[in-house]
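The lines below spell out each chain.
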Amino acid sequence: MESRAGVSKQDIREQIWDYMESQNIADFPRPVHHRIPNFKGASRAAEHFPHLQAFKMARTIKVNPDAPQKNARFFVLDSKKTLLVPTPRLRTGLFNRITPPPGATKDILRKCATSQGVRDYSVPVGLDARVLVDLVVVGSVAVSEKGWRIGKGEGYADLEYAMMASMGAVSQGTPVVTIVHDCQVVDIPEALLEDHDLTVDYILTPTRVIATGCERPKPTGITWSKISCAMMGRIPILRSLRSREKQAGRDVTLKDEHPHLEAHSQHAAPPSAVRRHRDPAQPEAGSPQGEDVPSDTVYVGNLPRDTRVSELKRALRERGAAPLRLTWQGPQHRAFLHFQDPASAQQALSCLQGLHLGANTLKVALARQQRASDPAGGHAREPHPDH
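Notes on the structure follow. What you are looking at is a predicted structure, and each value in this text was computed from that prediction instead of being measured. Think of each chain on its own: its residues are numbered from 1, step by step along the sequence as written. In keeping with the model being predicted, local features are shown solely for residues with a pLDDT of at least 70 and side-chain atom pairs are shown and tallied solely at 80 or more, while totals for entire chains, interfaces and linings include all residues. Hydrogen atoms and water are omitted, and side-chain values are computed over all heavy atoms in the structure.

## A closer look at the overall build of the protein
Link 1 in the chain: Secondary structure counts use DSSP, requiring at least four H or I residues in a row for a helix and at least two E residues in a row for a strand, with both numbered from the N terminus. Check the secondary structure of the protein and you find 13 helices and 18 strands.
Link 2 in the chain: With a 1.4 Å probe rolled over the protein chains alone, any residue whose accessible area is under 20% of its type maximum counts as buried; one over 50% counts as exposed, and the rest are partly exposed. The buried share of the protein, taken over its 387 residues, is 48%.
Link 3 in the chain: Contacts are residue-level and defined by heavy atoms, with any inter-residue pair within 4.5 Å sufficient. Intrachain contacts of the protein at a sequence separation of at least 6 include 63% that bridge at least 24 residues.
Link 4 in the chain: Each accessible area value is a Shrake-Rupley result obtained with a 1.4 Å probe; residue values ignore everything except the protein chains displayed when judging cover. Accessible surface for the protein amounts to roughly 19400 Å². Of this, 48% is attributable to carbon and sulfur atoms.

Listed below in C-alpha cells is the structure:
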C-alpha cells in the first residue's frame, strides 16, 4: 500500500485505519481508528517471531500489550523467557513482569498473554530493578521497509523506549521488532521523523520478515523538552526519572516550562523579594494598601459557575501542580493555590497555562501578596489577582 506524497503522520494513520476497516482486514477491537490496529492474520505474523536469531538469543523480552502482539507474548512465555509488558499508560510504573503459575500449561500461558492475563499474572518491576532488555516488540500503525515507524500518536512506545534507555535497560544494539499487516508497510517520508521517534529493525507480517537494516540512531534517553507538565502529572515514574536526571546535572526543562524564569528563581531574587526588605511602615509608591511580598500563590480565575473544588483539585493533579493548600472562592469563580515558595508557584504557573474546565479556559497568574491593614492596626497577608 502506497502513502500519498506530502502527507503528515496523521494522514498516514487515517489512511491505514480507513483501509483496514473498508477491506475488513481489521479485527477486534473495532473500529481500529486511534488504536494500534489488530488485524486478521496477526497470529500468523507472530509465528515468525521465535525463528528470529534475536529471539533465540534473548532472555528478557519487552512486548507491548496491544492485541496484535498477543501471540508474540505467548511465544516468549512458552520459551521460558522473561516477559515484560509496559504498565497501561505508565500510570503505576514502567514494566510488569508476567509470572505464570507453576506448571502452567500452554492454555494457561495463552491466557497469561492476553490483556486479562497481563493483569492477573503480573508483578511490577521497580525503577531500581537492574533490568536488561534483550529484545523489544512495539506496535505500529504504519512502518516502512527502511525502519521508520508511526504509532497511534500518543508517543507511549517512544517514551517507554526512552525511559528504558535512561535506565540503562536498552542500548543502541537492542533489536526492535514490530508485527503488522502487509498493508501497514508503506513509504514514510524521512522528513516526518523526529529525534525522539523509535525505529525498528525487524518487521513481521503474515507473508514476510523484513530486516530493515536501519542505521538511524535510536533515542538515548528522555527528551525532556518534548514532555509536557500534563504528562508529568499523569506519569509518576517520569517524575522520579526527572528527579534523578536533575540531580545528575542534566537539563530537564519541560516543553511548557520557561527556563529563563526557572533560572531567575534559582539564581536571582525576584523583584518582589527585593521589596521584602523595605520597611513595612513605608508603603511602595502606587501601592496605598501596603507592600508586595514574594508570591508563592497562584490565582486561578474564570472557573465555571458550577465547578466543584474536587474537580479543580483533580485537574491540578493531572497537570502535576497540586498546591500545599487551596483557598476556594467559588462564588467569585476563583481560587488561590498556595505553594511552598515562589519558585514552586512559578513552576505551577507554567504547568497550568491553557488549563480548561468545562468550556472555560481558566485565567492563571501569580497573585500579588499584599499586606492590608486589619481593623486592629496589624497587617493581614491577602492574595489577589496580579492584573
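## Some thoughts on the pairing of strand β13 (residues 325-329)
Link 1 in the chain: At least two DSSP bridges between two strands are needed for those strands to be called paired. In the sheet, β13 pairs with strand β14 (residues 334-338) via five bridges, with the strands oriented antiparallel. From the neighbouring strand, Trp 328 faces β14, where its bridge partner is Ala 335.
Link 2 in the chain: The hairpin turn running from β13 into β14, its antiparallel successor, is four residues long, and His 333 in that turn takes a positive phi close to 60 degrees.

## Let's talk about the packing of helix α7 (residues 156-167) against helix α9 (residues 236-247)
Link 1 in the chain: Close contact between α7 and α9 brings their axes to 12 Å; oriented N to C, the two are set at 40 degrees. Classified by the interaxial angle, the pair formed by α7 and α9 is oblique. The way α7 lies across α9 gives a crossing that is left-handed. Along its contact with α7, which presents Leu 159, Met 163, Ser 166 and Met 167, the element α9 presents Ile 237, Leu 238, Leu 241 and Glu 245.
Link 2 in the chain: Gly is placed with the polar residues, together with every amino acid not listed as nonpolar (Ala, Val, Leu, Ile, Met, Phe, Trp, Tyr, Cys and Pro) or charged (Asp, Glu, Lys and Arg). Split into classes, the residues belonging to the contact of α7 with α9 amount to six nonpolar, one polar and one charged. All axes here are fitted lines through C-alpha atoms, helices being fitted over the stretch that makes contact, and every angle between N-to-C directions spans 0 to 180 degrees. Each angle receives one of four descriptions, namely roughly parallel if under 35 degrees, roughly antiparallel if over 145, roughly perpendicular if within 65 to 115, and oblique otherwise. When the near helix sits turned anticlockwise from the far one by under a right angle, the crossing is termed left-handed; a clockwise turn instead gives a right-handed crossing.

## Considering the state of the cysteines
Link 1 in the chain: Two cysteine sulfurs form a disulfide in these notes if their separation is within 2.5 Å. Scanning the model with the defined rule gives one disulfide in all.
Link 2 in the chain: With its sulfur 2.4 Å from that of its partner, Cys 229 forms a disulfide with Cys 351. Residues Cys 229 and Cys 351 share a disulfide whose torsion about the S-S bond is about -60 degrees; that sign makes it left-handed. Taken together, the residues Cys 229 in helix α8 (residues 229-234) and Cys 351 in helix α13 (residues 342-351) connect sequence positions 122 residues apart.
Link 3 in the chain: For Cys 229, a relative accessible area of 0% puts it in the buried group.

## Focus on the packing of aromatic side chains
Link 1 in the chain: Each Phe, Tyr or Trp ring (for Trp, its six-membered ring) is paired with any other whose centre lies within 6.5 Å, and the angle between the two planes then decides the class: stacked below 30 degrees, edge-to-face above 60, tilted in between. In the structure shown here, the tally under the stated rule is three aromatic pairs.
Link 2 in the chain: Pairing Phe 49 with Phe 55 gives two aromatic rings, centres 4.8 Å apart and planes at 65 degrees, and the pair type is edge-to-face. Like Phe 55, Phe 49 is buried.
Link 3 in the chain: Pairing Tyr 299 with Phe 336 gives two aromatic rings, centres 5.7 Å apart and planes at 50 degrees, and the pair type is tilted. On the criterion of sequence distance, the pair formed by Tyr 299 in strand β12 (residues 297-301) and Phe 336 in strand β14 is long-range, its members being 37 residues apart.
Link 4 in the chain: Charge-over-ring placement is defined geometrically: NZ (Lys) or CZ (Arg) within 6 Å of the ring centre, and within 35 degrees of the ring normal. Over the ring of Phe 55 we find Lys 81; its NZ or CZ atom is 5.2 Å from the centre of that ring.
Link 5 in the chain: The cationic tip of Arg 216 hangs over the ring face of Trp 148; the distance from NZ or CZ to the ring centre is 6.0 Å.

## Some details on the sheet that holds strand β10 (residues 209-211)
Link 1 in the chain: Overall, mixed pairing links the eight strands, which are arranged β4-β3-β2-β1-β5-β8-β9-β10 in an open sheet. Each edge of the sheet is formed by a strand with only one pairing partner; in this case those strands are β4 (122-125) and β10. Each strand of the sheet is rotated relative to its neighbour by a mean of 25 degrees, with strand direction disregarded.
Link 2 in the chain: Bridging between strand β3 (residues 95-98) and β4 involves four bridges; their strand directions are antiparallel. What sits directly across from Ile 98, in β4, is Ser 122.
Link 3 in the chain: Of the strands in this sheet, β1 (60-63), β2 (82-86), β3 and β8 (176-179) are in contact with helix α4 (residues 70-78), which crosses β2 at around 150 degrees.

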